[in-house]
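Coordinate inspection notes
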Amino acid sequence: MGGIAGIFHPDVPKPVDPARVEAMAGRLAHRGPNGSGVWTAPGIGMGHREFLIVEGTDASQPMVSEDRRAALSFDGEIYNFRELRTELEAKGHAFRTEGDIEVVLASWRQWGPDCLARFDGVFAFALYDAAGDTLFLARDRLGVKPLFHAILSDGALIFASELKGLLSHPRLRRSVRPQAVEDYLALGYVPDDTCFIDGVSKLSAGHFLLVRRGRSVPKPTAYWDLDFSRPEKRPLRQLQDEMLERLGVAVRSRMVSQVPTGVFLGGGIGSSAIVAFIAEVSRGAVETWSIGLDETEADETRLAAMVAEHFVTRHRTCTAVVPEASRIGALADVFDEPFADAAALMAYQLSALAVQEARIIMTGDGTDELFAGHRRYQLFRREERVRHFLPLPARRVLGSAGELLPEFNGRRWALRVKGALQAVGMSPGEAYASAVAVTPRSLRSTICSGSFQKLVHGHRFEDRYVRAFEQAPASDSLSRAQYADLKISLPGDTLTRLDRTSMAVSLQARTPLLDHRLVEFAARLPAGLRLRGANGQWLLKRGLNGRLPNEVLSCRRTRFAAPVGHWFRGPLAGDAAAMAHGSTLAELGWFDPNAIARLAEDHRQGRSDHGQLLWQLLMLENSLRRLAGTGALTPVDRQPRQNRARQAAR
């Protein structure tokens, strides 16, 4: 567990400065508060920040093999390492340590890239093998652990757990990628297939990158995918029993008795089920934490308290605080890239509370994506029925009517009606992309300048959803939508929020519902067992009947979100107005300051609801300001080379 960073020269084995690797890893100190290490050899250098869960279980990292021919910097955990160790010992491997890190190193020596299929766990790691003069970068199946990489102007390949690790390298140019800004404005986060900084990439979930010295850097290779195309035909009772067995195994495998462990209890099915399974095997009271909102509509502390009382947990609750400028700036520093899921603010606060008493927490993240709990799945399936029923000309007429319908100053009901009509005229992938977008294209276009539109070059965030729908191994619309979420929003939004906010305070988060065997099982459930009528998570609720309070199972949840609209009519009203002029956002030249000023004033006066977009712009402003404060920040350079000196002079 911890943070990784490093430099590899793919062309020739140039010397690597250990101080530079140490500086990169040093920016990840929050990911590893228990120590650090640097290892270098001709053409390669790796750094590590250590996060020890159980003292004395592993040697320090980077770990070097006994013959000095391989080295590993690893972030994550392999839950089945004991079984793998036994298998490897039978094949002649000897071990000096008791933990999982050396098992990863031996697994590579035994099976090469095929070792990834044998790992049950979450991970992002870098492994150098002198025998083949290769660098091997890998990321876990669902993308729980992050890994960034970039190729510099001198040909060096650099990598790190977080973007800030790469940004500490002086050769990495800080040019903002306009297409990523467009994606961010649409979705509220920068997806995993792109990066806010031009030239930087994120290794996709379920992929590895194998670089051989003397050869060009290849594209990453997928080693895992999810298959919805083969639904189970076994009796309902058998499927229910297997689901509960897999869920129990996933929870138990993530429990470490020697370390204080707790649960973020949100009142939903996933976190409540985790508490139930822990309570069955734990000798003491389960440790639980919840965070609430002043707005009762979205507050879930009542349900969480009900679960806590049912299982007699040691429960603590806090209330989300109104953000101050310093807290917003700190949040921007946590994420590096702009990140506008306002739930991150509460997750950060909750992590800071929990780390005072625990080293490990479990969360129910992934439940809605696996078992179709999002309400948008119901709405999308209804739209699909309309698209299937109506002939194409009629669909186009309705879609055109939606384009012409006014938005009534951004009122939510008007946007819903307009969006529903527009969706009927779209392809399924485009319609679902529109459903998950937090800011519609019409509103985004009002604040963006003409120069920004030219730089985007026709890029559409919807295209990645269209591709996901086309490539999904699935035969029904619900499964395609779930597949898209598991590939796009889960790693890009949900898991990014969880990883950054927990690791920022040196707290380890575990996600039992994302055990890959449970995920694969859920994908094989018939669609009707995931979503039946308006009842999402149908089989999961049925299986937990009797284990959880009935009110928790039957409650129709509201999406947990911070009251940003209220904040921008109160304590953040001045911040919204200030973004229009004299800000880093305005200096970038990609936005219309007058449009932003009107938008902020309309919201403050209550004429419209633009809280979400204002929060996006505020987080973008803070991210830009942070980057500009530590190095030269420029829009991505698409001009001919002879103009660069003039741009630099500006």
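Let me begin by describing the structure that accompanies this report. (Residues numbered from 1 in each chain as written. Predicted model: local features only at pLDDT ≥ 70, side-chain atom pairs only at ≥ 80, totals over all residues. Heavy atoms only, no water.)

Looking now at the packing of aromatic side chains. Evaluated as defined, the whole model comprises 18 aromatic pairs. Ring geometry for F452 and F591: centres 6.2 Å apart, planes at 20°, overall stacked. Residue F452 is found in helix 17 (residues 450-456), and its partner F591 is found in the loop between helix 27 (584-587) and helix 28 (593-604); the two are separated by 139 residues along the sequence. Site record: aromatic cluster; members linked through ring pairs are F74, W108, F119, F123, F125, F136 and F208. Of note, R376 hangs over the ring of Y377, and the distance from its end group to the ring centre comes to 5.8 Å. Directly above the aromatic system of W538 lies the positively charged group of R532, at a separation of 3.8 Å from the ring centroid. (Phe/Tyr/Trp six-rings, centres within 6.5 Å; stacked < 30°, edge-to-face > 60°. Helix = DSSP H or I, 4+ residues; strand = E, 2+ residues; numbered from the N terminus. Lys NZ or Arg CZ within 6 Å of the ring centre and 35° of its normal.)

When two helices pack together, their arrangement is given by the angle between the helix axes and the distance between those axes. For the pair helix 10 (residues 343-354) and helix 20 (residues 489-503), the least separation of the axes is 8 Å and the interaxial angle reads 35°. Crossing angle aside, the handedness with which helix 10 passes helix 20 is right-handed. In this structure, helix 10 uses A343, A344, A347, Y348 and S351 to contact helix 20, whose residues at the interface are R497, T501 and S502. Split by residue class, the contact of helix 10 with helix 20 holds 4 nonpolar, 3 polar and 1 charged. (Axes fitted to C-alpha atoms, helices over the stretch in contact; angles between N-to-C directions. Left-handed = near helix turned anticlockwise from the far one by under 90°. Contact = heavy atoms within 4.5 Å. Nonpolar A, V, L, I, M, F, W, Y, C, P; charged D, E, K, R; others polar.)

Before going further, it helps to examine the packing of helix 15 (residues 428-436) against helix 18 (residues 462-471). Packing of helix 15 against helix 18 brings their axes to within 8 Å, and their N-to-C directions diverge by 130°. It follows that helix 15 is oblique to helix 18 by the angle criterion. In the crossing of helix 15 with helix 18, the sense of the turn from one axis to the other is right-handed. When helix 15 is examined against helix 18, the residues P428, G429, E430, Y432, A433 and V436 are found in contact with a partner set consisting of E462, Y465, V466 and F469. Tallied by class, the residues present in the contact of helix 15 with helix 18 amount to 7 nonpolar, 1 polar and 2 charged. (Parallel < 35°, antiparallel > 145°, perpendicular 65-115°, else oblique.)

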